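Structural characterization, general
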Amino acid sequence: MKFLCPSDTLAADCSLGFDIDGCKLLAVRRDGIAYFYINRCPHRGIPLDWQPGQFLDTSASLIQCATHGALFLIESGECIAGPCAGQSLTALPGREDAQGLWVEL
């Protein structure tokens, strides 16, 4: 497991991007739970973020691809709208403990 950050760094309904050992990933907190995904759109294989660390739509309820506007469910990574509908982001196993957020690459 690789350490990402202290828990309070990832606020509620927010996202952060990370580059760990050359792997670009994102973390999103929703309803107190942190979710971890590879930062790559299944449609074109390009990064999702609008600006560094910004992955959510304006309502902060969906992950949005900056290039084609594809929308993904935070809890599962499933694309529900856009050119890759029905496909999913690649989820990463992770956990949160007293030290912070951890992810397995």
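Residues numbered from 1 in each chain as written. Predicted model: local features only at pLDDT ≥ 70, side-chain atom pairs only at ≥ 80, totals over all residues. Heavy atoms only, no water.

Under an unreviewed UniProt entry, the name given to the protein chain is Rieske 2Fe-2S domain-containing protein, and the source organism is Pseudomonas azadiae.

1. Things to note about the overall build of the protein chain
Stated precisely, the cut-off is as follows: Each helix is a run of H or I in the DSSP string that is no shorter than four residues. Each strand is a run of E no shorter than two, and both are numbered from the N terminus. Atoms counted for the radius of gyration: C-alpha only. Globule rule: 2.2 Å times residue count to the power 0.38. Only protein chains enter the accessibility calculation, which uses a 1.4 Å probe; a residue whose area is less than 20% of its type maximum is buried, one above 50% is exposed, and one in between is partly exposed. Accessible surface area values rest on a Shrake-Rupley calculation with a 1.4 Å probe, where residue burial reflects the displayed protein chains alone. His is not counted, nor are the chain ends; Lys and Arg add positive charge and Asp and Glu add negative charge. Charge positions come from single atoms, namely NZ of Lys, CZ of Arg, CG of Asp or CD of Glu.
Scanning the protein chain from N- to C-terminus turns up zero helices and nine strands. Listed by position from the N terminus, the elements making up the protein chain come as β-β-β-β-β-β-β-β-β. Its C-alpha radius of gyration of 13 Å places the protein chain within 12% of the 13 Å reference for a compact globule of 105 residues. Along the three orthogonal principal directions, the C-alpha set of the protein chain runs to about 40 × 30 × 25 Å. Across the 105 residues that make up the protein chain, the buried fraction comes to 40%. Element-wise, carbon and sulfur atoms account for 50% of the exposed surface of the protein chain, whose accessible area totals about 5400 Å². Side chains of the protein chain carry 7 positive and 12 negative charges; the gap between the two charge centres is 7 Å.

2. Observations regarding the packing of aromatic side chains
The test is simple: Note on ring pairs: Phe, Tyr and Trp rings are taken, using the six-membered ring of Trp, and paired if centres are within 6.5 Å. Classes follow the plane angle, with under 30 degrees stacked, over 60 edge-to-face and the rest tilted.
Taken as a whole and assessed by the stated rule, the structure comprises one aromatic pair. An angle of 70 degrees between the planes, with centres 5.1 Å apart, marks the rings of Phe-3 and Trp-102 as edge-to-face. Here Phe-3, found in strand β1 (residues 2-5), pairs with Trp-102, found in strand β9 (residues 101-103); they are 99 residues apart in sequence, far enough to count as distant. Look at Phe-3 and you get partly exposed, because its relative accessible area is 39%.

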